[in-house]
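Summary of the model geometry
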Amino acid sequence: QVQVVESGGGLVQAGGSLRLSCAASGFTFSGACMGWFRQPPGKEREGVGIIDKNGFTHYGDSVKGRFTISRDNGKSIMYLQMNSLKPEDTAMYYCAAATGRVYCSGASTDYNSWGQGTQVTVSS
């Protein structure tokens, strides 16, 4: 059974850091496109960033230079290191996997497995 599970969310003050983890199972993690998405309260879901099987990353403009995505293929875990957090980063953060794709994109519709989400709240 394909499964991705997020962890690591919480409450942090502005300027602080958090690291989210996404544990994957039930598919060949090393060959999958992996992505982080978020949904702020009352807003549409948006892309945070993606990482392909070779470790190439791409980030949304609002998090560039502050967030870093990495993956450990041996452990089937993806990470999201979030630094210099801002109140506008407050959102439910979701991990997603896209299997069977040659190229990875940031389009959420390409991702076929989603986690339940982990809440990140940044206080001012």
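Everything discussed here concerns the structure shown above.
Heads up: these notes are all about the structure in this document. Here the structure is a predicted model, which means the values were calculated and not measured.

1. Looking at the side chain of arginine 66
One can find arginine 66 in the loop between β6 (57–59) and β7 (67–72). A polar contact of 2.7 Å, which involves the side chain of arginine 66, links it to the side chain of aspartate 89. If near-sequence neighbours (up to four positions away) are discounted, arginine 66 is found in contact with Gln81, Met82, Asn83, Ser84, Leu85, Lys86 and Asp89.

2. Some thoughts on the pattern of salt bridges
With the rule as written, the count across this model stands at five salt bridges. The partner of aspartate 89 in a salt bridge is arginine 66, and the shortest N-O contact between them spans 2.7 Å. Highlighted residues: aspartate 89 in the loop between β8 (77–82) and β9 (91–98) and arginine 66 in the loop between β6 and β7, separated in sequence by 23 residues. The two residues aspartate 89 and arginine 66 agree in class, both being buried. Of the charged contacts in the structure, one is a salt bridge between aspartate 110 and arginine 101, with a shortest N-O distance of 3.6 Å. Classification of arginine 101 by relative accessible area gives partly exposed; the value is 37%.

3. Details of the nonpolar core
Membership of the largest hydrophobic core comes to 27 residues, with the highest contact counts inside it found for Met34, Trp36, Met78, Leu80, Met82 and Tyr93. Residues within four places of tyrosine 93 in sequence aside, it is in contact with Glu6, Leu20, Phe37, Arg38, Val48, Phe67, Leu80, Met82, Gly117, Thr118 and Val120.

4. Topic: the state of the cysteines
Counted by the stated rule, this structure contains two disulfides. The disulfide that involves cysteine 33 links it to cysteine 104, with 2.0 Å between the sulfurs. Between cysteine 33 and cysteine 104, the S-S torsion sits near -85°, and that sign places the bridge as left-handed. Linking cysteine 33 in strand β4 (residues 33–39) with cysteine 104 in the loop between β9 and β10 (113–114), this pair joins segments that are 71 residues apart in sequence. Look at cysteine 104 and you get partly exposed, because its relative accessible area is 25%.

5. What about the packing of aromatic side chains?
All told, the structure shown has three aromatic pairs when counted by the stated rule. Look at phenylalanine 27 and phenylalanine 29: their rings are 6.5 Å apart centre to centre, the planes differ by 45°, and that puts the pair in the tilted class. Ring geometry for phenylalanine 37 against tyrosine 111: centres 5.3 Å apart, planes inclined by 70°, an arrangement best described as edge-to-face. Taken as a pair, phenylalanine 37 in strand β4 and tyrosine 111 in the loop between β9 and β10 lie far apart in primary sequence, 74 residues in all. Overall, the relative accessible area of 2% leaves phenylalanine 37 in the buried class. Given the relative accessible area of 5%, tyrosine 111 is considered buried. Three or more aromatic residues joined by ring pairs make a cluster, and in this case those are Phe37, Tyr111 and Trp114. When the ring centre of tryptophan 114 is taken as reference, the NZ or CZ atom of arginine 45 above it lies at 4.2 Å.

6. Comments concerning the pairing of strand β3 (residues 18–25)
The pairing of strand β1 (residues 3–7) with β3 spans five bridges and is antiparallel. Note on β3: the bridge partner recorded for glutamine 3 is serine 25. In this sheet, β8 lies alongside β3 in antiparallel orientation, the contact comprising six bridges. By the bridge assignment for β8, cysteine 22 is matched with methionine 78.

Criteria and cut-off values
Residues numbered from 1 in each chain as written. Predicted model: local features only at pLDDT ≥ 70, side-chain atom pairs only at ≥ 80, totals over all residues. Heavy atoms only, no water. Helix = DSSP H or I, 4+ residues; strand = E, 2+ residues; numbered from the N terminus. Polar contact = N/O pair within 3.5 Å; in protein donor to acceptor, adjacent residues only side chain to side chain. Contact = heavy atoms within 4.5 Å. Salt bridge = Lys/Arg side-chain N within 4 Å of Asp/Glu carboxyl O. Buried < 20%, exposed > 50% of the residue type's maximum accessible area, 1.4 Å probe, protein only. Core = buried A, V, L, I, M, F, W, Y, C linked by side-chain atoms within 4.5 Å. Disulfide = S-S within 2.5 Å. Phe/Tyr/Trp six-rings, centres within 6.5 Å; stacked < 30°, edge-to-face > 60°. Lys NZ or Arg CZ within 6 Å of the ring centre and 35° of its normal. Pairing = 2+ DSSP bridges.

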